[in-house]
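# Structure assessment
The residues making up each chain are set out below.
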Amino acid sequence: NEKITFAASIKAPASTPDGMYYANIVVSGTVRGAGAVRLVHRVASRVFVRIDTQHNLRPIGNLIAFKTPWLRENTSIPFSLIYKNSGNAVMKQEGMLLVKTVLGEAAELSRVSPFYLLPGEEKHIQLSSQVSRLGLYKAVLTLQGEKQQVRFFAVLPLRALFIVFLLIFFITKTRRLW
């Protein structure tokens, strides 16, 4: 493992208009193998530069959707959210997802990992949570600068409920015949 440190400077002409700019820095190296074999390594990083002389660049984030199935048979719960940056600057968003029973007992607290959005970009984020037992649950999504979003869902053994329902149906049907 090799570590290389290098310095870079970015110079923008005074006439550069305000806005978000980015550059990609690519570092590559070649290793000679046996015979005609050659191995090329490339590593890239994106650098964002914000020029805001008029102080008018603003990220404007909007949570477009927060969804989960309202009924689950297993205890692994998928969540999806769609977030959009309607502003004119790059933004970073992060938050927390709290899953608890409807009685208020916390089941799981997980972090929504930080994500970045370019101006006008829309991101689809997949999250998951694990609950330990059957029951009714409430998921609370808290993102920076956003109102909390709440979704309710149930974890129930659907096949078992269907069988119980059929048994009750047939028992009541057969009692009426007597």
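The sections below set out a description of the structure shown in this document. Just so it is clear, the structure is predicted and the values come from calculations on it, not from any experiment.

### Regarding the layout of surface pockets
One number sums up the size of the largest pocket: a volume of about 210 Å³. Broken down by secondary-structure element, the contributors of at least two residues to the lining of the largest pocket are strand S1 (19-32) and strand S2 (38-51). A per-element tally of the lining of the largest pocket places S1 first, with 5 residues. Here the lining of the largest pocket is composed, by residue class, of 7 nonpolar, 4 polar and no charged.

### Points about the packing of aromatic side chains
Pairs of aromatic rings are described using the distance from one ring centre to the other and the angle between the two planes. In total, this model carries 6 aromatic pairs according to the counting rule given. Their ring planes at 15° and their centres at 5.8 Å tell us that Phe66 and Phe79 sit as a pair that is stacked. Of this pair, Phe66 sits in strand S3 (residues 61-67) while Phe79 is found in strand S5 (residues 76-85), placing the two residues 13 residues apart along the sequence. On the basis of relative accessibility, which here comes to 3%, the residue Phe66 falls in the buried class. Ring centres 6.0 Å apart and planes at 75° place the aromatic pair Phe79 and Phe153 in the edge-to-face group. In this pair, Phe79 sits in strand S5 while Phe153 sits in strand S10 (residues 149-155), placing the two residues 74 residues apart along the sequence. Taken together, Phe66, Phe79, Tyr137 and Phe153 form an aromatic cluster joined through their ring pairs.

### What to know about the pattern of salt bridges
Taken as a whole, this structure holds 5 salt bridges when the rule is applied. In this structure, Arg111 engages Glu94 in a salt bridge whose closest nitrogen and oxygen atoms are separated by 3.2 Å. On the criterion of sequence distance, the pair formed by Arg111 in strand S7 (residues 106-117) and Glu94 in strand S6 (residues 91-101) is long-range, its members being 17 residues apart. The class of Arg111 is exposed, set by a relative accessible area of 53%. The partner of Glu105 in a salt bridge is Arg133, and the shortest N-O contact between them spans 3.0 Å. In this pair, Glu105 is assigned in the loop between S6 and S7 and Arg133 in the loop between strand S8 (122-130) and strand S9 (135-143), connecting sequence segments 28 residues apart. Glu105 gets classed as partly exposed once you look at its relative accessible area, which sits at 45%. Through salt bridges that share partners, Lys92, Glu94 and Arg111 make up one connected network.

### Digging into the environment of Phe153
Using a relative accessible area of 3% as the deciding quantity, one classes Phe153 as buried. The sequence separation of Phe153 and Arg72 amounts to 81 residues, and the corresponding C-alpha distance is 7.6 Å. Those residues in contact with Phe153, other than ones at most four positions away along the chain, are Thr68, Pro69, Trp70, Ile77, Phe79, Val99, Gly135, Leu136, Tyr137 and Ala139.

### Some remarks on the environment of Tyr83
Within the fold, Tyr83 resides in strand S5. Each C-alpha atom, one on Tyr83 and one on Gly61, is 7.0 Å from the other, the two residues being 22 residues apart in sequence. A distance of 2.8 Å separates the side chain of Tyr83 from the side chain of Gln93, its partner in a polar contact.

### Here we look at the sheet that holds S8
The strand order across the open sheet built from 3 strands is S3-S5-S8, with neighbouring strands paired in antiparallel fashion. The sheet is open, and its two edges are formed by S3 and S8, each paired on a single side. Taken pair by pair, the neighbouring strands of this sheet meet at an average axis angle of 25°, ignoring direction. As judged from the 6 bridges shared by S3 and S5, these two strands associate in the antiparallel manner. Looking across to S5, one finds that Leu63 is bridged to Tyr83.

Criteria and cut-off values
- Residues numbered from 1 in each chain as written.
- Predicted model: local features only at pLDDT ≥ 70, side-chain atom pairs only at ≥ 80, totals over all residues.
- Heavy atoms only, no water.
- 1 Å grid on protein atoms, 1.4 Å probe; cavity = no way out; pocket = protein on both sides within 12 Å on 5 of 7 lines; lining within 4 Å.
- Points joined across faces, edges and corners; volume = space filled by probe spheres on them.
- Helix = DSSP H or I, 4+ residues; strand = E, 2+ residues; numbered from the N terminus.
- Nonpolar A, V, L, I, M, F, W, Y, C, P; charged D, E, K, R; others polar.
- Phe/Tyr/Trp six-rings, centres within 6.5 Å; stacked < 30°, edge-to-face > 60°.
- Buried < 20%, exposed > 50% of the residue type's maximum accessible area, 1.4 Å probe, protein only.
- Salt bridge = Lys/Arg side-chain N within 4 Å of Asp/Glu carboxyl O.
- Contact = heavy atoms within 4.5 Å.
- Polar contact = N/O pair within 3.5 Å; in protein donor to acceptor, adjacent residues only side chain to side chain.
- Pairing = 2+ DSSP bridges.
- Axes fitted to C-alpha atoms, helices over the stretch in contact; angles between N-to-C directions.

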